[in-house]
Amino acid sequence: MRIRFTKMQGAGNDFVVLDETRGMLGLTAAQYRFLADRHFGVGADQILTVRPPSQGAAEGVDFQYVIHNADGGEVEQCGNGARCFMRFVREHHLTDKDTVRVETLAGIIEPRMSEDGRVTVDMGPPIFEPARVPFDTAGLDPQPDGSWHTWHLALGTHADSAIVSLAVLSMGNPHAVQVVDNVDTAPVARQGPQIEHHPRFPQRVNAGFMQVVDRTHVKLRVFERGAGETLACGTGACAAVVAGIRLGLLERRVDVQTHGGVLTIGWEGEGHPVLMTGPATTVFEGDIEVPELP
Ligand SMILES: N[C@H](CCC[C@H](N)C(=O)O)C(=O)O
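The rules behind the values
- Residues numbered from 1 in each chain as written.
- Predicted model: local features only at pLDDT ≥ 70, side-chain atom pairs only at ≥ 80, totals over all residues.
- Heavy atoms only, no water.
- Near = heavy atom within 4 Å.
- Areas by Shrake-Rupley, 256 points an atom, 1.4 Å probe, with all protein chains shown as cover.
- Helix = DSSP H or I, 4+ residues; strand = E, 2+ residues; numbered from the N terminus.
- Nonpolar A, V, L, I, M, F, W, Y, C, P; charged D, E, K, R; others polar.
- UniProt positions renumbered as here; feature names shortened; annotations may be inferred.
- Contact = heavy atoms within 4.5 Å.
- Polar contact = N/O pair within 3.5 Å; in protein donor to acceptor, adjacent residues only side chain to side chain.
- Buried < 20%, exposed > 50% of the residue type's maximum accessible area, 1.4 Å probe, protein only.

1. Topic: the site of the ligand
For step 1, the next point in the chain: Lining the immediate surroundings of the ligand are 15 residues, of which Asn-13, Gly-79, Glu-224, Arg-225 and Thr-235 lie closest.
For step 2, the next point in the chain: Burial of the ligand by the protein chains amounts to 100% of its free accessible area of 360 Å².
For step 3, the next point in the chain: Elements with a contribution of two residues or more to the shell around the ligand: helix 2 (79-91) and helix 4 (234-246).
For step 4, the next point in the chain: Counted by class, the shell around the ligand contains three nonpolar, 10 polar and two charged residues.

2. Description of the UniProt feature "binding site: substrate" (unreviewed entry) in the protein
For step 1, the next point in the chain: Residues given the UniProt feature "binding site: substrate" (unreviewed entry) here are Asn-13, Gln-46, Asn-69, Gly-79, Asn-80, Asn-173, Asn-206, Glu-224, Arg-225, Gly-234 and Thr-235.
For step 2, the next point in the chain: Relative to the helices and strands, Asn-206 is located in strand 13 (residues 206-214).
For step 3, the next point in the chain: With residues up to four places along the chain from it excluded, the contact list for Asn-206 reads Asn-173, Pro-174, His-175, Ala-176, Val-222, Phe-223, Glu-224 and Arg-225.
For step 4, the next point in the chain: Of note is the side chain of Asn-206, whose polar atom sits 2.8 Å from the backbone oxygen of Pro-174.
For step 5, the next point in the chain: One can find Thr-235 in helix 4.
For step 6, the next point in the chain: Given the relative accessible area of 1%, Thr-235 is considered buried.
For step 7, the next point in the chain: Those residues in contact with Thr-235 that sit more than four places away from it in its chain are Gln-77, Cys-78, Gly-79, Met-123, Met-171, Asn-173 and His-175.
For step 8, the next point in the chain: Side-chain polar atoms of Thr-235 contact the side chain of His-175, separated by 3.0 Å.

Shown next, in the form of structure tokens:
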């Protein structure tokens, strides 16, 4: 099957974007993996699909937003992708609105195109109940830490064992954030997979490593569920700033320096949504022959 795609990136987190507003492509997980493959396909961290609102969607919803990780698994939310989604629907004349309401597995989000070309997204409120992350706390005691608490988890085998202190929360997708002294020397490659696949995360988890520069600036690296370390993770930046605010380390508006660029995150506290602002860029358009892969 020959399909049209758009390659996009938000702070270096890169995407293949597919337009299914005029008909479904019916791709399999293996075909999503093919599109994401950096040698045999186009190459991307995630595949984003633009669809009309689902049957029974809430009033006023403009689009549905479907996200698959590079490993082919469908996931609930993608922050950098939401900004690229907004740029895509404008550039492809699927809307002339400055703000759209978008239905995701995690609920409704509202991306808004700013004058300066950056995009701001209302990502909805963070979720802290472990069962809703999901995170299995059986036999674990929360560790008092600032105005909140973290969880001490043992990683690895005897040879390279470590106890990490994780702030666990959901932005619709699961995140486990630890504060480190220096992101450049943090053991992302070793601990990232150990955290992602830790048995206490039944749906796996995105592993964040945050260095607090000052109360309004952090550096962040994220080993993403289903994609590995990416140059930036939008929901990861939201989760890290929310955790830092609740740990008493950060103000309510923070610049997050990632390897791929800067995201600005704001959160006014409990019951409020997290607002994320950052870049969204179209890299190129293309066509590709997708093999039949059941
Ligand atoms: N790997 C994530 C999905 C993509 C999130 C990230 N690319 C973002 O910008 O939020 C997960 O499995 O939950």
